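Descriptive analysis of the structure
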Amino acid sequence: MKAAYNALLNSGYQLSPGAFQLLKESQNPESLVSSLLEHLKSLEKKPLVIERSHLEPLLSRGLPVKAPAAIKQPPLHSIQIISGSEGGYIEGTIHDFRRYFMDRFNRLKEMLKSRADMRDAVTPSSMPEVSKHTKVKVIGMVSSKKEFKNGGAVIELEDDVDTIRVSFRGDELKKKVSRVMLDEVICVFGTTSNGKTVFAEDVVWPDVPPKIRSSRVRENVYVVLTSDLHIGSKLFMRQQFESFLKWLRGEDMGAPQKEISDNVRYLIIAGDVVDGVGVYPNQEDELLIKDLNKQYEEAAHYLSMVPDHIKIIIIPGNHDASRPPLPCPPIYRDFAAPLYSLKNVIMLGDPAVVNIEGLTFLLTHGKSLDDVIPALPDCNFKEPQKAMVELLRSRHLAPIYGEKTSLAPEPRDSLIIDPVPDVFHAGHVHVWGISEYRGILAVNSGTWQRQTSYQLSMGIEPAPGVVPLINLSNFKVTTLNFL
Ligand code: D5M
Ligand code: FE
Ligand code: ZN
């Protein structure tokens, strides 16, 4: 099964959960995969993701008896892709958006209602008819928020039919409401005397349950997290990145470092592999490589220096060749063919959920941090991990709609954070930061790009050349400094 799975991944294909199951249950997964690969060769338009439907016809046709060619592979421990954003075509009509937000609302509402004290919660359209002060719990999507100088605040909560007003008074509640983001789904505890306005006593977010981590990893296995290489930019820190590659190869180092380097099995790159073209005004002036295909050629050249026994997982960032709205499909093969041809590279979408050695990794580039950080008073661009924790509490990767982060209104909201990860990895902000929240590691993996003139004009100060890595046996995070 392992050999079959690796053969598929090495050919650049992802496996849908259904196809994975079918493969697992088949009598001879290796020959099934080899006939699948043979079949795919004949297709002009190759799928990014292998679905159950690709495998089924091959099963009924009978399998070739010929054993597949031996696959030269470093020992792979255990990696399973749970989801990786297939990102199909979507038109984006009002109907699509309505369906998208209903899915977001309903699923987050059920998440909230699964708490014992919220089973009896109502939604704006099912508020009780009352004539005197009555306690209520209302779950709704935040459609507006106003904070007043005198310390009060009012938000509106809506479902698909109705809207109610929620009023907040007092310092403690003012602090709570300042953490409420637009388009989040929350539950308000309070009282109402008319069924239209609620005086809030508390706010509850979907949040993550405290996690008891069960690492079954015995020996030291390391996962290295990085992002925002921006290869092709004049500001890409070539020398420092080369030192990093040298470190991954275990060259020129003392025994303690070598012990770590030798046990790195995974390298995750959370987007912005290349600098792209036409991403910000006057970007050309700061490009060393002005052709997108050539940028990926250069990226593949660097990543080919990563030893084969390290699996490299890559998702797209806003500078990469993928569609702009979230969720994004994997970086397009047409532009990044050289990356796809590296045997140890796995290309996934944004967001992606991957199970590594029994631990769940949630990967996203972090584009929504552009909206979330300015919206929250305790968050800033120097400590992106704080905003990442707020996303965990919101159980959504991009709660705010209509600002800088565009969303594709797919029928199912794949930006809802479910399952609860063990590690939440993002980049984009160009500042590294690590935090632990309810047993979950939130890691922002910084950058390899020096400050661009655009970032200077925006007041963004990067912290480049620092790489977080996690020891899966004890969940300790350390950083490597290549400055
Ligand atoms: O993002 C690098 C950094 O620059 C990150 O902190 C976001 C910030 N950035 C990028 N574009 C914008 C705009 N348009 N407004 C505000 N801040 C921005 P990168 O994705 O690498 O360009
Ligand atoms: Fe970036
Ligand atoms: Zn970015």
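Up top you'll find the structure we're talking about.
Just so we're clear, the structure is a prediction, and the values are computed from it rather than from any experiment.

1. Some details on the coordination of the zinc ion (ligand 3)
- Around the zinc ion (ligand 3), the donor atoms from the protein are D272 (OD), N318 (OD1), H365 (NE2) and H428 (ND1), and they sit 2.1 to 2.3 Å away.
- Sequence spacing of the donor residues for the zinc ion (ligand 3), all on one chain, is D-x45-N-x46-H-x62-H.
- Distance-wise, the iron ion (ligand 2) is placed 3.1 Å from the zinc ion (ligand 3), both being coordinated by D272. With D272 in the loop between β10 (264–270) and α9 (292–303) and N318 in the loop between β11 (311–315) and α10 (333–340), this pair connects stretches of sequence that are 46 residues apart.
- Given a relative accessible area of 30%, N318 falls into the partly exposed group.

2. Concerning the sheet that holds strand β14 (residues 359–363)
- What the six strands build is an open sheet, ordered β3-β13-β14-β15-β17-β16; its pairing is mixed. Both edges of this open sheet fall to β3 (79–83) and β16 (432–437), since each of them pairs with a single strand only. Adjacent strand axes in the sheet meet at a mean angle of 20 degrees, parallel and antiparallel pairs treated alike.
- Pairing analysis gives six bridges linking β16 to strand β17 (residues 440–445), with the strands arranged antiparallel. Paired with W432 across the two strands is S445, which belongs to β17.

3. Details of the nonpolar core
- Counting 46 residues, the largest nonpolar core has C187 and F424 as the members making the most contacts within it.
- Listing elements by their share of this core, those giving two or more residues are α5 (94–113), β4 (134–147), β7 (185–192), α11 (369–375), α12 (384–394), β15 (423–426) and β17.
- Looking at this core element by element, the count peaks at seven residues for α5.
- A domain split of this core shows at least three residues from each of domain 2 (115–204) and domain 3 (222–481).

4. Structural notes on helix α1 (residues 2–10)
- The buried fraction of α1 amounts to seven of the nine residues, a majority that puts the element mostly inside the structure.
- If you check which residues of α1 are buried, you get A4, Y5, N6, A7, L8, L9 and N10.

5. Things to note about the pairing of strand β5 (residues 153–158)
- Relative to β5, β4 runs antiparallel, the two sharing six bridges. In the strand pairing of β5, S144 is matched with E156.
- Counted between consecutive antiparallel strands, the loop separating β4 from β5 contains five residues, among which G151 sits at a positive phi close to 100 degrees.
- Two elements, β5 and strand β6 (residues 163–168), share six bridges in a ladder whose sense is antiparallel. Its bridge partner lying in β6, V154 is registered against S167.
- In this structure, the hairpin formed by β5 and β6 is closed by a connection of four residues.

Reading the values: the criteria
- Residues numbered from 1 in each chain as written.
- Chains lettered and ligands numbered in written order.
- Predicted model: local features only at pLDDT ≥ 70, side-chain atom pairs only at ≥ 80, totals over all residues.
- Heavy atoms only, no water.
- Donors = N, O, S within 2.8 Å, 3.2 Å for Na, K, Ca; no water.
- Helix = DSSP H or I, 4+ residues; strand = E, 2+ residues; numbered from the N terminus.
- Buried < 20%, exposed > 50% of the residue type's maximum accessible area, 1.4 Å probe, protein only.
- Pairing = 2+ DSSP bridges.
- Axes fitted to C-alpha atoms, helices over the stretch in contact; angles between N-to-C directions.
- Core = buried A, V, L, I, M, F, W, Y, C linked by side-chain atoms within 4.5 Å.
- Domains from an automatic or database assignment.

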